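Structural description and commentary
Given next are the chains, with one letter for each unit.
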Amino acid sequence: MLQDISSNNKRIAKNTFLLYCRMLILLVVGLFTSRVILQALGVENYGILSVVVGFLGIFSFITSSMTTAIGRFITVEIGKNNLFRLKQVFSTSVTVQFLMGILILFIVETFGYWFLQTKMNIPAGRETAALWCLHCAAISSALTLFTTPFQSCIIAHEKMGVFAYLSLFEAFMKLLICYLVFVSPADKLITYAILLVMVNFLNISFYIIYSLRKFEECTFVFTFDRWLFKEIWNFAGWNMFGNGAWILNTQGVNMLLNIYFGVIVNAARGIADQVNNIILMFVNNFMMALNPQITKSYAAGDKEYAYSLACRGSRFSFYIMYLLGLPLMIEAKQILQLWLGTPPEQSDAFLVWIILSSFTTTIGNTIGTLQMAQGNIKRYQTIMTSFASLIFPFTWIAYYLGGTPIYTYYIFAFIYWCLIFLRFRLVHTSTGISYHQYLVGVVLRCHIVGIVSAIIPLLIALIMYPSFLRLLLVCIASTTSIVLTIYTIGLEKSERAMIISKVRSTLYTLTHND
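Residues numbered from 1 in each chain as written. Predicted model: local features only at pLDDT ≥ 70, side-chain atom pairs only at ≥ 80, totals over all residues. Heavy atoms only, no water.

Focus on the nonpolar core
L370 and Y438 are the most contacted members of the largest nonpolar core, which totals 147 residues. Broken down by element, this core gets its largest block of residues, 16 residues, from helix α8 (residues 263-299). Aside from chain neighbours lying at most four places away, what touches L370 is I294, Y298, A306, Y307, A310, V427, T431 and I433. (Core = buried A, V, L, I, M, F, W, Y, C linked by side-chain atoms within 4.5 Å. Buried < 20%, exposed > 50% of the residue type's maximum accessible area, 1.4 Å probe, protein only. Helix = DSSP H or I, 4+ residues; strand = E, 2+ residues; numbered from the N terminus. Contact = heavy atoms within 4.5 Å.)

So, the confidence of the model for the protein chain
On average, residues of the protein chain score 79 in pLDDT, and 87% of them are at 70 or above. Low pLDDT (under 50) marks residues 1-5, which in the prediction has two contacts with non-local residues, meaning those over four places away or in another chain. (pLDDT = per-residue confidence, 0-100.)

Observations regarding helix α17 (residues 468-490)
The end-to-end C-alpha distance of α17 is 30 Å, a good match for the 33 Å that 23 residues give at a rise of 1.5 Å each. Packed against the buried residues of α17 are α9 (303-330), α10 (332-340) and α16 (435-463). (Expected span 1.5 Å × (residues − 1).)

Side note on the packing of aromatic side chains
All chains considered together, the criterion is met by 20 aromatic pairs. Members of the aromatic cluster, each reached through a chain of ring pairs, are F316, F318, Y319, Y322 and F359. (Phe/Tyr/Trp six-rings, centres within 6.5 Å; stacked < 30°, edge-to-face > 60°.)

What about the pattern of salt bridges?
In total, this model carries three salt bridges according to the counting rule given. For R315, the salt bridge is made with E492, and the minimal N-O distance between the two is 3.7 Å. Note that R315 is positioned in helix α9 and E492 in the loop between α17 and α18 (493-511), a separation of 177 residues in sequence. Residue classification places R315 among the buried residues on the basis of a relative accessible area of 1%. As a salt-bridge pair, R470 and E331 come within 2.7 Å of each other at their nearest N and O atoms. Remark: E331 occurs in the loop between α9 and α10 and R470 occurs in helix α17; sequence separation between them is 139 residues. The same class applies to R470 and to E331, which are both buried. (Salt bridge = Lys/Arg side-chain N within 4 Å of Asp/Glu carboxyl O.)

Structure (C-alpha cells):
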C-alpha cells in the first residue's frame, strides 16, 4: 500500500514537472507574441477578437461539461481496469462529440450570426472581419469537441509528456503566426483568425494519431450505446448546468461590458484575462497531474487517500496562484506597461480584481474533483449553480444603475468566496470528508498565509514611489515572505519533515560525491 502511494506521488511529481516544462515554453512565447499581436492588430481589432471569441465561449459550457464527463468515465474505467467498458465509453464519446460539433456549428452560424449583426457593439466597417472571427472560432470549437475523447485518454493514462513535446510545436507556430500577421498585406484580424484555425487543426491531428497508436481502447467503432450515453449525459447535463453559470458569469458579463462600454473595455478585460490565464496555467498543470489520481483512488475505494490528495491539491493550488499573483496585483500597472508599452485603460484594475477573484475559485477546485469522482452531482450542481448565477443579474443591475466596469469583480469575488464554504458543505455531505481536514487544514491555512505574507510587500509598495527598483523589491519580498509563511504555517508537519529530509539527502549527496 505504501509502495503504491509512493509510486503515485512520484508519478504526480513527474507529470507536474513535464507540464511545467510545457507551460514555461508557452509562457515565454505567449508573453512575446501577445505584445506583438496587440501592436499588429491594434486595440480596436483586439477588442473585436476578444468579444467575438468571448461569444463563442458562451457555448463552451456544453463542450467543457462533456469534456469533464468523458474524462471522468474514462478515468474511472481505467481505475477499475475494465477494458471492454472502456472501449464502449471511448467509441460512444467520439460519436456523441462528432454530432455535438455539428450542432454547435449550426447554432453559431445561425443564432451567432444574428446576434453579431444585431446586438454586438462592433465598430463601423469591421463587421466583415468580425464575421470571419466568428466562423473561424466556430470551426475551432467543433474540432476541439471531436478531439476531447482522445485528450481524455492521454490525461487518464497520465502521459503528460505528450503535452510537453507538443508545446515545442505550438511555440514555433505561435511565433510563425505572429510574423505572418505582422507582414500580411491583407486584413490582419482575418489573417490571424484563419491561421489560428489551421494551427488548431494540426494540434488536434497530433492528439488523435498519438492516441490511436498508443492506447488499446482507442479503436473507434461508429456506435451509439443508448444506456451508456444516458449515463454520460446525465452526468454531463448536471455539470453543464454548473458550467453554464460560470460561462454566464464570464462571457455573459463580457457581452454586458461590450453593450454598455464598448470594445475598448473588452480589450482591457481581454489583456487582464490573458495575464490571469497565464498564472492559472501553473495551477491547471498541477491539477491536470493530480486529478486522475483523485478519481482513480476514489473509484478503487481508497477514499482517505482521495481526501488527502484533494485537500493537498487545494492548498498547493492556492499557494502556486498566490506566489505568482501577489506581486502582479501590487505592481499591476508597472508590469503591464513594461510588457505592452501602452496597455488599454483600466486593464491594471481589471487585472487586480481578476486575480483576486481567481484565488477564491482555486481553493475549491480539487474538492470539486472529489465530488465528480463520487458521481452524484445533481444536488451539488443545483445548489452551487443557483447561488453562482446571481453574479450576472447583479452585474446587469449595477451597470443599468450607472456602475463602472469593475463592479462585476466586486460581486464575483464576494459570491465565490461564499461558495468556498457552500461547496465544502455539499461535498462533505456526499463524500464524508471531515470539517477539520478541509476548513482548518485548507481554508484557514490559506487565508492566514495570504494575509501574513502580504504585509511586507504591501508596506514596500506604500513607502516607495513607483519605479523599477520598487518592482524588483516587491517581487523579492513577496517571494521570500510567501515561501517562508507557507513553510511555517501552510505546510503540515509531515510535509515539512519530507522537505527537510529531501534537503539533507541532497546536501549529503553533494558533499560526499567523489
